[in-house]
Amino acid sequence: MTRKTSGPAANTPPKRSAGSAPKASTRKSVKPLVAILMGSASDLDVMSEGAKVLEDLGIAHEVVVTSAHRSPLETAEYAQAARDRGLQVLIVGAGLAAHLAGAVAAHTTLPVLGVPLESGPLRGMDALLATVQMPAGVPVGTLAIGAAGARNAALLAAQILALSDPRLARALSVRKAEMTAAVPGLLRRFPEGK
Ligand code: AIR
């Protein structure tokens, strides 16, 4: 498992590997509120879309590669420790037989947002079904396949944090207003001139 922290006061984050103690750093460390987990380093490009949203909003976060199948014990330990470490929302992306979000949700009561990733011949449908079809009692809030899902998971995480953070709520309102203003709003009336 590899882990990388980013946030307002930690732009050049130290890397951590499974089981290692945090490295001493001269930088003031930030406590991540959100984690972005993914099943493989090959998921990083797409999941980075979510990280960019968190960075824009100034939300301290960490990025972790761990696999439900290849590193199951590390995955369970990470999920079990997440709440005590101060994390508040876990975003989890995986492709193929995407069990990572469910495996994480099995070990925590933090909100888990699942992002199915396109990887392999079924183009994300396999990951979508594996992520969304959780049995009752173990919720995973599942977003769209791919980059849109990664971005929306980050926005949803921000909206959850904004329930108790008025600054963040305002930033989200501004962002939404900007999005609306960017819609071209072309209107043609026919016949012309009416
Ligand atoms: N994966 C990794 N462990 C379990 C699963 N389901 C997923 C990764 C990635 C895909 O398998 O999330 O989307 C392919 O991983 P790799 O490492 O072979 O490129």
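What counts, and where the lines are drawn
- Residues numbered from 1 in each chain as written.
- Predicted model: local features only at pLDDT ≥ 70, side-chain atom pairs only at ≥ 80, totals over all residues.
- Helix = DSSP H or I, 4+ residues; strand = E, 2+ residues; numbered from the N terminus.
- Buried ≥ 20, exposed ≤ 12 C-beta atoms within 10 Å, placed from the backbone.
- Expected span 1.5 Å × (residues − 1).
- Contact = placed C-beta atoms within 7 Å.

A. Fine view of unusual backbone geometry. Although it is not a glycine, Leu96 sits at a positive phi angle of roughly 55°. Among the secondary structure elements, Leu96 is positioned in the loop between strand S5 (89-95) and helix H3 (100-105). One non-glycine residue, Arg123, lies in positive phi territory at about 50°. The residue Arg123 is located in the loop between strand S6 (112-117) and helix H4 (125-132) in this model. We classify Arg123 as partly exposed; it has 13 C-beta atoms within 10 Å.

B. Structural context of helix H1 (residues 44-56). The end-to-end C-alpha distance of H1 is 18 Å, a good match for the 18 Å that 13 residues give at a rise of 1.5 Å each. Of all the positions in H1, only Val46, Met47, Glu49, Gly50, Ala51, Val53 and Leu54 are classed as buried. Check the buried side of H1 and you find it contacts strand S1 (2-6), strand S3 (34-38), strand S4 (61-65), S5, S6 and helix H5 (147-162). Where H1 ends, the next residue or the one after it, Gly58, has phi of about 70°, a positive value.

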